[in-house]
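# Close look at the chain arrangement
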Amino acid sequence: EEEAAVCYASRILGHLMLPRLLRTWSKHAGFCRRFAAHIAHTQVLQDTHQLRVCLKNWMREVKKHQYAADLWVRRWKQWGVALLLAWRRVLRVSRHLCRGLWALCSWASLQ
């Protein structure tokens, strides 16, 4: 009779514990599922942040290269202009010297 009572009591406790056990297991499984989703979302955010940082660094490098190229082009134009101005100056001086030589030759022929 005692065995039957113990068996009956364990059945009753089993019936009472089963919903609690299932509810606890369900909470734990839901937590694990939500935690995995949170970890995946956080990883996506980190990857997105790293991608943004990478793109920002790349854009900074591109702007540096553009600035250097623009500076080089401006200097090249300045050097070209300076070269043309120097050439014009030399041309004027040579014209002046040539006219002076013609004047000297004509003066010498008159003497």
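Refer to the structure printed above.
Computed from a predicted structure; not experimentally measured. (Residues numbered from 1 in each chain as written. Predicted model: local features only at pLDDT ≥ 70, side-chain atom pairs only at ≥ 80, totals over all residues. Heavy atoms only, no water.)

## Describing a nonpolar patch on the surface
On the surface, a nonpolar cluster with roughly 530 Å² of combined accessible area is contributed by Tyr8, Ile12, Leu13, Leu16 and Met17. By secondary structure assignment, the location of Ile12 is in helix H1 (residues 2-110). Here Ile12 falls in the partly exposed class, since its relative accessible area comes to 37%. (Patch = residues over 30% accessible without salt bridge, like charges linked within 9 Å, V, L, I, M, F, W, Y side chains within 5 Å. Areas by Shrake-Rupley, 256 points an atom, 1.4 Å probe, with all protein chains shown as cover. Salt bridge = Lys/Arg side-chain N within 4 Å of Asp/Glu carboxyl O. Helix = DSSP H or I, 4+ residues; strand = E, 2+ residues; numbered from the N terminus. Buried < 20%, exposed > 50% of the residue type's maximum accessible area, 1.4 Å probe, protein only.)

## Remarks on a positive patch on the surface
Positive charge collects at one region of the surface, where Arg88, Arg89, Arg92, Arg95 and Arg99 lie side by side. Considering the arrangement of structural elements, one finds Arg89 in helix H1. (Lys, Arg positive; Asp, Glu negative; His and termini not counted. Charge placed at Lys NZ, Arg CZ, Asp CG, Glu CD.)

## Here we look at the pattern of salt bridges
Tallying each qualifying case throughout the model produces two salt bridges. With its nearest N and O atoms 3.4 Å apart, the salt bridge here joins Lys64 to Glu61. Taken together, the residues Lys64 and Glu61, both in helix H1 and three residues apart, mark about one turn of the helix. Here Lys64 falls in the partly exposed class, since its relative accessible area comes to 48%. Between Asp70 and Arg74 there is a salt bridge; the shortest N-O distance is 3.4 Å.

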